[in-house]
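One-letter residues, chain by chain:
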Amino acid sequence: MAAIVTNAKLAHAAPRTAVRHSSAIVRWLLVLTAVAFLGLMLILPLVIVFYSALEKGWQTAWAALTHPDALAAIRLTALTVAIAVPVNVIFGIAAAWAITKFRVRCKSLLITLIDLPFSISPVIAGMIFVLLFGAQGLLGPWLSAHDIKIIFAWPGIALATMFVTLPFVARELIPLMQAQGCDDEEAAISLGANGWQTFFRVTLPNIKWGLAYGTILCTARALGEFGAVSVVSGHIRGETNTLPLHVEILYNEYQFAAAFSVAGLLVGIALLTIIGRSFIEWRMQKSLLRHANGGPTASSTLEQAGSE
Amino acid sequence: MGIEVANVTKQFGAFAALRDVSLRVKAGELIALLGPSGSGKTTLLRVIAGLEAPDSGSVLFEGEDATTRHVRDRRVGFVFQHYALFRHMTVFENVAFGLRVRPRRLRPTRADIRRRVMELLHLVQLEGFAKRYPSQLSGGQRQRVALARALAVEPKVLLLDEPFGALDAKVRQELRRWLRRLHEEIHVTSVFVTHDQDEALEVADRVVVMNTGQIEQIGTPEEVFRSPASAFVMNFLGTVNVFHRRVDSLTPGPDAIELQCPDELPAGSRPARIFVRPHHLEINAGPTGAPGLRGLVQYINAASPQVKVEVLSEFGEVLQIETSQDRYQELALQKGSEVFVTPKEMRVFFDDGHHGPSTPSTQLPDRMS
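Only a predicted model underlies this, so the values are computations on that prediction, with no experimental measurement involved.

Draft legend 1. Inspection of the overall build of chain A at higher detail. Each helix and strand in chain A was counted, giving 15 helices and zero strands. Looking at chain A as a whole, 40% of its 308 residues qualify as buried. Once local pairs closer than 6 in sequence are excluded, the contacts in chain A between residues at least 24 apart make up 71%.

This is how it looks when you write it as structure tokens:
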């Protein structure tokens, strides 16, 4: 993509002289480099995943996917997503609302904190929870006294996933809501709307595409999370194995066809995610345009600059 | 409904947006808050609306303390500078919003809402636009939708933040007159914020001139324009020529002002600024006996009802002068002509210390002519 854009710009800027000839060579070199790199790093691996999965026929792939352990992994992954995504959506909206609609002190500190899971290695994220809830951990004795199992069980997996995917929704909403300002909400309140009415009738429609985008990214990451989950899961087959962990186990047992079949499932979901993402990006651009049009007219930007 | 603002102070961090501001708005009045950026006019409007809580002082609606009353319960119609129309709703839904969010027992029936919205769209001359979205409207139309939406809840006070700020000049002119007529029709107490002195003077019953968080002057447009209470007001309301001179403070009269000797210091005189509006400077071909200045015409712009002449005075001051087309023809003015300039009317503000343009009102001089 980037290569094509550059190429268009170059073609446009090229003056009608000998320079044009050499710029054409540069153009083709750039395009070729980009295409070769994309093919090697992205297309080829994708093709191999599906090729390896189907190498021994449809039946083998289907058997791998319908194996009880695989089904358990699918169920656990679905459960994790079903917990982590809604929690992060609610947290993301609340955090973005708090940061953008109120005058909060230490705003940038809060935003940095929200970003923390992005900068911490997932393995460390997993270890944090082991240290907190594990048998030797801070809350371990209390938890085992009350017979609550978090580490090496689904709650730990859900927690680790939540931690890793926490920034997605908030990070998507904060700049969007900052750009939109508080005028619409203030208008709604001055017209007599209460907090919920303002949120559901005014704020939510304004942020829906950003929210959908953040949710999709969050879901994709929750589905594929490996590192943090690997630490807290304990790899108990049919019990605490998520899809990515199941792929790893199959691979380590030299069941390549089965491993790639399950991997193919994850890749398929990822491809769907990309399609959904592109659709939402397209819609967001449209609604941003509408936002720009819904605001002040273009001809008056100068006057605005002069006003308060 | 009458509004009273009493000793309101508002601070944003280290910035004092409002400093002990008091203001009384009579029922049915149309008031303009006029001032430059950062003068606190928008903050004052937001405090009246309840969108901003004052640090101290109070806001009274009809004599009743409303300082802690929630925006929702104040019954104010607020029109935002950038309209803040709900983009995902049609014009009709926008205007109906305030009626639809009412609690069920107060909510009008569907038919009533429809009738009321159509009435309002008729009032703002947008009947045919009910099904359009805000993005399909021009700036002026959006502003009128915003106004109709604010009026839908039958507000007791209408507050408008730079209502014409984001529109181009011609639409602005039309909307100004239209707002004036609308106000005469519905007569709801209205306060609007503007940084454009023409707008304030043309539309408002009374003008409140603000500067650095304080009120400089309150008066009818004529009062404010004819007898500005401070150098700031004089400066802000249109073009003005400023002469830095020394004035005999003991006998303030025409004789006490000597435009001729800017550097001499007669005993007992005080430094002052003499303000003269461009149309109060008279151009003559030679000395007339009245106090005045010699100068050379530098620039002439005759492409308006009043001819604008720029004269470089003998003391190096550039004077902005407005004269009639007839007088311009009579004097046969040209670039480079030598002329004699006489002020017909001037105002003097002493600048004890160098406190800038906002001379406190206690130091106001007498008016001279």
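Draft legend 2. Region of interest: the confidence of the model for chain A. Residues and elements named next belong to chain A. The predicted model of chain A has a mean per-residue pLDDT of 82, with 86% of residues at 70 or higher. Contacts of residues 1-15 to residues separated by more than four positions or lying in other chains number 10 contacts, the stretch itself having pLDDT below 50. Segment residues 294-308: pLDDT under 50, and 39 contacts once partners within four positions in sequence are set aside and those in other chains are kept.

Draft legend 3. Representation of a positive patch on the surface in the model. Where like charges cluster on the molecular surface, the positive patch consists of R201 of chain A together with R100, R104, R107 and R110 of chain B. Looking at the element boundaries, R201 of chain A is found in helix α11 (residues 195-224). A relative accessible area of 34% places R201 of chain A in the partly exposed class.

Draft legend 4. The nonpolar core, seen in detail. V95, L121, L147 and L158 of chain B are the most contacted members of the largest nonpolar core, which totals 48 residues. The greatest single-element share of this core, amounting to seven residues, is contributed by helix α5 (residues 139-152) of chain B. Excluding residues within four positions of it along the chain, L147 of chain B makes contact with V79, L158, L160, W178, L179 and L182 of chain B. Judged by nonpolar contacts, the second largest core, of 40 residues, contains A188 and A193 of chain A together with V59 and F78 of chain B.

Draft legend 5. Focus on the pattern of salt bridges. Residues and elements named next belong to chain B. Across all of its chains, the model carries 27 salt bridges over all chains by this definition. Here R24 and E4 are joined by a salt bridge, their closest N and O atoms 3.5 Å apart. Of this pair, R24 sits in strand β2 (residues 15-25) while E4 sits in strand β1 (residues 3-12), and the two are 20 residues apart along the sequence. Given the relative accessible area of 57%, R24 is considered exposed. We note a salt bridge from E162 to K41, for which the minimum N-O separation is 4.0 Å. Of this pair, E162 sits in the loop between β7 (157-161) and α6 (169-186) while K41 sits in helix α1 (residues 41-49), and the two are 121 residues apart along the sequence. Taking relative accessible area as the criterion, E162 reaches 1% and is therefore assigned buried. Connected via shared salt-bridge partners are R172, R176, R177, D196, E199 and E202.

Draft legend 6. Spotlight on the interface of chain A and chain B. Each partner contributes residues to the interface: chain A has 33 residues there, and chain B has 44 residues. Summing both partners gives a buried area of about 3,300 Å² for chain A against chain B, and 52% of it is carried by carbon and sulfur. In this structure, the connection of chain A to chain B is made through two salt bridges. Its salt-bridge partner being E186 of chain A, residue R46 of chain B comes within 2.6 Å of it at the nearest N-O pair. Applying the counting criterion to the chain A and chain B interface returns five residue pairs in polar contact (both at pLDDT 80 or more). When residues of the side of chain A that touches chain B are traced back to their parent elements, those giving at least two are α10 (183-190), α11, α14 (256-294) and α15 (301-306) of chain A. In terms of residue count, the dominant contributor to the side of chain A that touches chain B is α10 of chain A (seven residues). Grouping the amino acids of the side of chain A that touches chain B by side-chain chemistry returns eight nonpolar, 17 polar and eight charged.

Draft legend 7. Inspection of the environment of L160 of chain B at higher detail. All names here are of chain B. Mapped onto the elements of the fold, L160 is located in strand β7. In this structure L160 comes out as buried when scored by relative accessible area, which is 3%. Ignoring anything within four residues of it in the chain, the contact list for L160 reads L45, V79, L147, V191, F192 and V193.

Draft legend 8. Broad picture of the side chain of T323 of chain B. Secondary-structure assignment places T323 of chain B in strand β16 (residues 318-324). Leave out the neighbours within four places in its chain, and T323 of chain B touches I283, Q306, V307, V309 and Y328 of chain B.

Draft legend 9. Region of interest: the sheet that holds strand β9 (residues 206-211) of chain B. All names here are of chain B. Strands sit in the order β6-β7-β8-β3-β9-β10 across an open sheet of six strands; the sheet is mixed. With one partner strand each, in any of the chains shown, β6 (76-79) and β10 (214-219) form the two edges of the open sheet. Taking the axes of each pair of neighbouring strands and ignoring which way they run, one obtains an average angle of 15° across the sheet. Pairing geometry for strand β3 (residues 30-34) and β9, over four bridges, is parallel. Bridging from a neighbouring strand, I31 pairs with R206 of β9. α1 contacts β3, β6, β7, β8 (189-194) and β9 of the sheet and is inclined by roughly 150° relative to β7.

Draft legend 10. Focus on unusual backbone geometry. With a phi angle near 60°, D147 of chain A is a residue other than glycine that sits in the positive phi range. Checked against the element boundaries, D147 of chain A lands in the loop between α7 (140-145) and α8 (154-165). Here Q125 of chain B, not a glycine, exhibits a phi torsion of approximately 60°, which is positive. Relative to the elements of secondary structure, Q125 of chain B occurs in the loop between α4 (110-123) and α5. Judged by relative accessible area, which is 45%, Q125 of chain B ranks as partly exposed.

Draft legend 11. Structural context of the pairing of strand β4 (residues 56-61) of chain B. All names here are of chain B. Sheet topology places β1 next to β4; five bridges connect them, and they run antiparallel. Bridging from a neighbouring strand, V5 pairs with V59 of β4. Summarising the sheet, β4 and strand β5 (residues 64-65) pair through two bridges and their orientation is antiparallel. For F61, the partnering residue across the bridge sits in β5 and is E64. A loop of two residues connects β4 with β5, the two strands running antiparallel in sequence, and E62 in this loop sits at a positive phi of about 50°.

Draft legend 12. Spatial organisation of the sheet that holds strand β17 (residues 338-343) of chain B. Residues and elements named next belong to chain B. On the basis of which strands lie adjacent, the open sheet formed by five strands has the order β13-β17-β14-β15-β16 and antiparallel pairing. Of all the strands in the sheet, just β13 (281-284) and β16 have a single pairing partner and so form its edges. Averaged over all pairs of adjacent strands, the angle between their axes in this sheet comes to 45°, without regard to strand direction. The pairing of strand β15 (residues 306-313) with β16 spans seven bridges and is antiparallel.

Draft legend 13. Structural detail: α11 of chain A. All names here are of chain A. If you check α11, its first and last C-alpha atoms are just 36 Å apart, much less than what 30 residues at 1.5 Å a residue would give, namely 44 Å. A bend of about 60° at K208 is the largest found in α11. One side-chain oxygen of the residue at the start of α11 lies 3.2 Å from the amide nitrogen of W196, identifying that residue as N194.

Draft legend 14. Layout of the packing of helix α4 (residues 68-101) of chain A against α8 of chain A. Residues and elements named next belong to chain A. For the pair α4 and α8, interaxial distance at closest approach is 9 Å and the crossing angle is 45°. Relative to α8, the element α4 is oriented oblique. Note on packing geometry: the crossing formed by α4 with α8 is right-handed. Contacts between α4 and α8 involve L76, L79, T80, I83, A84, V87 and N88 on the former and, on the latter, W154, I157, A158, T161, M162 and T165. Residues that form the contact of α4 with α8 fall into these classes: nine nonpolar, four polar and no charged.

About the thresholds
- Residues numbered from 1 in each chain as written.
- Chains lettered and ligands numbered in written order.
- Predicted model: local features only at pLDDT ≥ 70, side-chain atom pairs only at ≥ 80, totals over all residues.
- Heavy atoms only, no water.
- Helix = DSSP H or I, 4+ residues; strand = E, 2+ residues; numbered from the N terminus.
- Buried < 20%, exposed > 50% of the residue type's maximum accessible area, 1.4 Å probe, protein only.
- Contact = heavy atoms within 4.5 Å.
- pLDDT = per-residue confidence, 0-100.
- Patch = residues over 30% accessible without salt bridge, like charges linked within 9 Å, V, L, I, M, F, W, Y side chains within 5 Å.
- Areas by Shrake-Rupley, 256 points an atom, 1.4 Å probe, with all protein chains shown as cover.
- Salt bridge = Lys/Arg side-chain N within 4 Å of Asp/Glu carboxyl O.
- Lys, Arg positive; Asp, Glu negative; His and termini not counted.
- Charge placed at Lys NZ, Arg CZ, Asp CG, Glu CD.
- Core = buried A, V, L, I, M, F, W, Y, C linked by side-chain atoms within 4.5 Å.
- Buried area = accessible area lost by both parts, 1.4 Å probe.
- Polar contact = N/O pair within 3.5 Å; in protein donor to acceptor, adjacent residues only side chain to side chain.
- Nonpolar A, V, L, I, M, F, W, Y, C, P; charged D, E, K, R; others polar.
- Pairing = 2+ DSSP bridges.
- Axes fitted to C-alpha atoms, helices over the stretch in contact; angles between N-to-C directions.
- Expected span 1.5 Å × (residues − 1).
- Bend = angle between axes of the 7 residues up to and from the residue.
- Parallel < 35°, antiparallel > 145°, perpendicular 65-115°, else oblique.
- Left-handed = near helix turned anticlockwise from the far one by under 90°.

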